[in-house]
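# A look at the structure
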Amino acid sequence: MNQTALPPVSPLPSAATLADRIRAEPMFSRLSGQALARLLGGAQVRRFGDGEPLVQAAANAEALYLVIDGGLELSSLSGAPQGQARVVGEEVLAGQPCYLRSAIARGDTLAVRLPRQTLSDVLGEAPGLARAAQDALLVCLGGAELPSPAKAAAGKGARGSARETWGWSCTLFSPLAVLALGLSSGWSQSNTLFLAILAATVCMWSFSLVDEFVPPLFATAAMLLVDLAPTEVVLSGFASSGLILFVGVYVLGGVMVASGLSYRFIIWLRTLLPDTPFWHGFALVLSGYALSPIMSSANARMTLILPLYRDFCSAGGVAPGSRAQTRLAAATFCGALNMSPMFLTSKSSNLIVFAMLPAQLQDEFQGLFWFVAALVCAAIMTGGHFILERLLFKGEALPPMPKEQVRRQLALLGPLCAEEKFTLLALVLFLGGAISISWHHISLPWIAGFILVALLLYGLVSKKNFQQYVDWPMVFFLLSLQGLTSTMEYLDLVGQIKPWMDSAAALLQEDVTRLVLLELAVVLIVRLAFPITAGMVVSAILLMPLALATGINPWVIGFLAAMFSDMWFFPYQSSQYTQLRGAHGKGQMFDEPLFLRYNLATCALRIVAVFASIPYWDYLGLV
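Sequence order sets the numbering: in each chain, residues are counted from 1 along the sequence as written. Note on the predicted model: pLDDT of at least 70 is required for a residue's local features to be given, and 80 or more for side-chain atom pairs to be given and counted; whole-chain, interface and lining totals, by contrast, use all residues. Based on all heavy atoms of the structure, the side-chain values leave hydrogens and waters out of the count.

### Some remarks on the overall build of the protein chain
Quick note on the threshold: The numbering of helices and of strands both runs from the N terminus, where a helix is a DSSP run of H or I of at least 4 residues and a strand a run of E of at least 2. The buried label applies to any residue whose accessible area, calculated with a 1.4 Å probe on protein chains only, is under 20% of its type's maximum; exposed applies above 50%, and partly exposed to all values in between. Residues count as neighbours in contact if any of their non-hydrogen atoms are within 4.5 Å of one another. Where accessible areas are quoted, they stem from the Shrake-Rupley method and a 1.4 Å probe; at the residue level, only the protein chains shown are allowed to cover.
Broken down by element type, the protein chain carries 32 helices and 6 strands. A total of 623 residues make up the protein chain; the buried ones form 49% of that total. Intrachain contacts of the protein chain at a sequence separation of at least 6 include 78% that bridge at least 24 residues. When the accessible surface of the protein chain is split by element, carbon and sulfur atoms take 63% of a total near 28,800 Å².

### Section: the pattern of salt bridges
Spelled out, the test is: Basic side-chain nitrogens of Lys or Arg form a salt bridge, by our definition, when they fall within 4 Å of a carboxyl oxygen of Asp or Glu.
Within this structure, the stated rule accounts for 11 salt bridges. With a closest N to O distance of 3.8 Å, Arg106 and Asp50 form a salt bridge. Here Arg106 is found in strand 6 (residues 102-115), whereas its partner Asp50 is found in the loop between strand 1 (44-48) and strand 2 (53-55), with 56 residues between them in sequence. Among the residues examined, Asp50 registers a relative accessible area of 56% and is labelled exposed.

### Re the packing of aromatic side chains
The condition that has to hold: Centres within 6.5 Å make a pair out of two Phe, Tyr or Trp rings, where for Trp the six-membered ring is used; the pair is then stacked when the planes are under 30 degrees apart, edge-to-face when over 60, and tilted otherwise.
Overall, the coordinates contain 26 aromatic pairs when judged by the stated rule. Their ring planes at 85° and their centres at 6.0 Å tell us that Trp555 and Trp617 sit as a pair that is edge-to-face. Of the two residues, Trp555 is situated in helix 30 (residues 554-565) and Trp617 in helix 32 (residues 592-620); the sequence distance between them amounts to 62 residues. We classify Trp555 as buried; its relative accessible area is 1%. Taken together, the aromatic side chains of Phe333, Phe393, Trp568, Tyr577, Phe590, Phe595 and Tyr598 make up a single cluster linked through ring pairs.

### A short note on the side chain of Gln576
Within the secondary structure, Gln576 is located in helix 31 (residues 575-581). With relative accessibility at 4%, the residue Gln576 sits in the buried group. Ignoring anything within four residues of it in the chain, the contact list for Gln576 reads Ala298, Asn299, Met302, Phe333, Leu337 and Ile532.

### Concerning empty space enclosed by the protein
Just so we agree on the cut-off: A 1.4 Å probe that fits but cannot get out identifies a cavity on a 1 Å grid over protein atoms alone, an open set with protein on both sides within 12 Å along at least five of seven lines counts as a pocket, and a residue lines either if it has an atom within 4 Å of a point. Grid points are joined across faces, edges and corners, and a volume is the space filled by probe spheres set on the points. Amino acids outside the nonpolar list (Ala, Val, Leu, Ile, Met, Phe, Trp, Tyr, Cys, Pro) and the charged list (Asp, Glu, Lys, Arg) are all regarded as polar, and Gly is one of them.
For the structure on display, the rule yields 2 cavities of 30 Å³ or more. One number sums up the size of the largest cavity: a volume of about 90 Å³. What lines the largest cavity is a set of 13 residues, among which Phe333, Asn338, Asn599, Thr602 and Arg606 lie closest to the centre. Every element with two or more residues in the lining of the largest cavity is listed here: helix 14 (323-337) and helix 32. At 5 residues, helix 32 tops the list of elements feeding residues into the lining of the largest cavity. Residue classes in the lining of the largest cavity are distributed as 8 nonpolar, 3 polar and 2 charged. When its volume is computed, the second largest cavity comes out at roughly 70 Å³. Lining the second largest cavity we find Trp205, Phe477, Leu481, Arg527, Leu528, Ala529, Phe530, Pro531, Ile532, Tyr572, Gln573 and Ser575. Partitioning the lining of the second largest cavity into residue classes produces 9 nonpolar, 2 polar and 1 charged.

### Brief notes about the environment of Leu493
On the secondary structure map, Leu493 appears in helix 25 (residues 493-497). Assessed through its relative accessible area of 9%, Leu493 is described here as buried. Aside from chain neighbours lying at most four places away, what touches Leu493 is Asn191, Phe194 and Met488.

### Observations concerning a nonpolar patch on the surface
Rules: Like-charged residues are merged into a patch within 9 Å and nonpolar side chains (Val, Leu, Ile, Met, Phe, Trp, Tyr) within 5 Å, provided each residue has over 30% relative accessible area and no salt bridge.
On the surface, a nonpolar cluster with roughly 350 Å² of combined accessible area is contributed by Leu528, Phe569, Phe570 and Leu600. Inspection of the secondary structure assignment puts Phe570 in the loop between helix 30 and helix 31.

### Here we look at helix 2 (residues 33-42)
Counting along an α-helix, one turn takes 3.6 residues, and residues three or four places apart therefore face a common direction. To keep it simple, the criterion reads: It is the directions from the helix axis to the C-beta atoms whose arc is reported.
Buried within helix 2 are the following residues: Ala35, Leu36, Leu39 and Gly42. Seen from one end, helix 2 has its buried residues packed into an arc of 130°, which puts them on one side. Projecting away from the buried face of helix 2 at angles above 90 degrees are the exposed residues Gly33 and Gly41.

### Some details on the confidence of the model for the protein chain
The condition that has to hold: Per-residue confidence from the prediction method is given by pLDDT, with values spanning 0 to 100.
For the protein chain, per-residue confidence averages 82 on the pLDDT scale, and residues scoring 70 or more make up 88% of the total. A low-confidence stretch, residues 6-10 (pLDDT under 50), is modelled with 5 contacts involving residues beyond four sequence positions or located in other chains. Note on residues 149-159: pLDDT under 50 across the span, and 0 contacts to partners over four residues away in sequence or across chains.

### So, the pairing of strand 3 (residues 63-75)
Stated formally: Paired strands, as defined in this entry, are two strands with at least two bridges between them according to DSSP.
Along strand 3, 10 of the 13 residues are buried, which leaves the element largely enclosed by surrounding structure. Pairing between strand 3 and strand 6: 11 bridges, direction antiparallel. Across the sheet, Leu72 pairs through a bridge with Ala105, a residue of strand 6. With 2 bridges joining them, strand 3 and strand 5 (residues 87-88) adopt antiparallel strand pairing. Among the inter-strand pairings, Tyr65 is bridged to a residue of strand 5, identified as Val88. One ladder, built from 4 bridges, connects strand 3 with strand 4 (residues 81-85); its direction is antiparallel. Within strand 4, the position partnered with Ser75 by the bridge is Pro81. Where strand 3 folds back on strand 4, the antiparallel hairpin that results is connected by 5 residues, among which Gly79 adopts a positive phi of roughly 95°.

### Section: the packing of helix 7 (residues 189-206) against helix 8 (residues 214-225)
We apply this condition: Simply put, an axis is a line fit to the C-alpha atoms, just over the touching stretch for a helix, and the angle between two N-to-C directions goes from 0 to 180 degrees. By the definition adopted for this analysis, an angle is roughly parallel if under 35 degrees, roughly antiparallel if over 145, roughly perpendicular if from 65 to 115, and oblique otherwise. Left-handed is the label given to a crossing in which the near helix is rotated counterclockwise from the far helix by less than a right angle, and right-handed is the label when the rotation is clockwise.
Taken N-terminus to C-terminus, the directions of helix 7 and helix 8 make an angle of 160°; their axes are 9 Å apart at the nearest point. One element, helix 7, and the other, helix 8, form an angle in the roughly antiparallel class. Here helix 7 runs over helix 8; the crossing is right-handed. Together, Phe194, Ile197, Ala200, Thr201, Met204 and Trp205 of helix 7 and Pro215, Pro216, Phe218, Ala219, Ala222 and Met223 of helix 8 make up the contact between the two elements.

### A word on the nonpolar core
So the rule is basically this: Residues grouped as a nonpolar core are buried Ala, Val, Leu, Ile, Met, Phe, Trp, Tyr and Cys residues, joined through side-chain atoms within 4.5 Å.
The biggest cluster of nonpolar side chains holds 137 residues, and the ones touching the most others in it are Tyr309, Met342, Phe430, Trp555, Phe595 and Trp617. Discounting chain neighbours no more than four positions away, the residues touching Trp617 are Ala373, Cys377, Trp555, Val556, Phe559, Leu560, Val610, Leu622 and Val623. Judged by nonpolar contacts, the second largest core, of 40 residues, contains Met27, Ala63, Leu64 and Val112.

### Here we look at the layout of surface pockets
In this structure, the largest pocket occupies an estimated 1,200 Å³ of space. As for the largest pocket, its lining consists of 41 residues, of which Leu245, Ser296, Ser297, Lys347 and Ser348 are closest to the centre. When its residues are assigned to classes, the lining of the largest pocket shows 20 nonpolar, 18 polar and 3 charged.

Structure below.
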């Protein structure tokens, strides 16, 4: 580009004038003070004479110009006039390599020049700036204003402020109340401090004051600060094999999507199954059920099913927020979670409860008998899901895609590429290793670690992909919860609470109905503060002694704890739901109020399934 800048003449604009001009531009009006400071630091003053070009169409886009005094006349690539303007060069922010317009000065013109490098630095802090530049460029080229998005309902901010005020008030004052109660009641100092930290953590969760992963990290930092337990106990989650398991499974799920293997699987399923919403949901439920006996983490199962859920949404043209998307989300959640109590190996806390059973009962329940005893609950939960699905998500269905079109899609994908083959091999090895653990005795985290290293060495995961594939906030959330549970065990809080339950045995009088209601109440209260695994274990430890007093098989106590601990009413209580919420980008989520109604119905269904199983357990001699 031929551009001859005249030497600057006095007086030059002051720094305040330059800052005001930058801030006055609509694209930059909402930038932070740091971003504006970066722009001002890279700003250059240029003066142009009448008719002198600032930018030329098809030349390399090197800078953006903001007019201080004077004016610009724009013309298109073909030379057609486009009127006057006060800014030119939005192509730099919009990602265009060349200018799409020419601009010449009209009269003696003074302008601020913002070079590409300066703008690139600011884009890293304010990615929305590129969209603003694209909109401005479209307005200039198209000659019409873009439509404005619908505004949020009035009063929403005020309600949010009131909620935050109450939430932070509870977060600040509830620990003080616990400390006062503990000191007046003679509790030990360590237990009082732990309960105070737990109270603040629960308040942050309950009022959704911060993202879900922040409260357990706060609790971890607070416990380390007051030296509540040894460092290896508080940070036990980060030192456990769970870290490599979660990272390995997340990376495997990400590679399945990036390689196209999950999308190919969805298209292949659509060639086999009828192309209706029921069968789409059935495929997701079945995928989760198939993983349940071989993976003891519902979070890991959710991670592997989420790529299928996302591809079902994209392949079927499902609109964000629609009933169809919410139906698929419900099927995904059902597949990952519903079978957690039904198999001994589908939940890590099931194994802990199994270890609490007497030796003779361990011999009885270590095989398929655990699933046989849970068969009625499994059938009711599965059948109930499809009934609820039909009742809550009816009325919105996409027209089925012709089979010929689906087969044509599969043909266009061609044969498996090298990346898909390697990803498929990694998936088969992971699932095969999980199935055969009783034979080779290699733990699942070690298998996940081997798969992770293989994917890295093969080159399927770059540095950027490694950051994108792994949901690091969720990993920190889960590992921090594990440290919270370990600290509770170290302080022996459950052992100190257990004597309070002895008096409950006299109230039961060998009545299984009262036992079910008591355990439901205990689990729901415990789950307000503790995650699923810890809530189930604590409830089982508290109530297991009641089995002998009531003549009920101890397995029933453990199974009820597993069934009821999966119930939740606030999003923070379910890490699997947190994963599901984050499956799509902002503005792409399912209809959350409708999903929460579905969740409430499934909670009621769990209670119905338990009471319906009592005659069956009586037949098996368990009650």
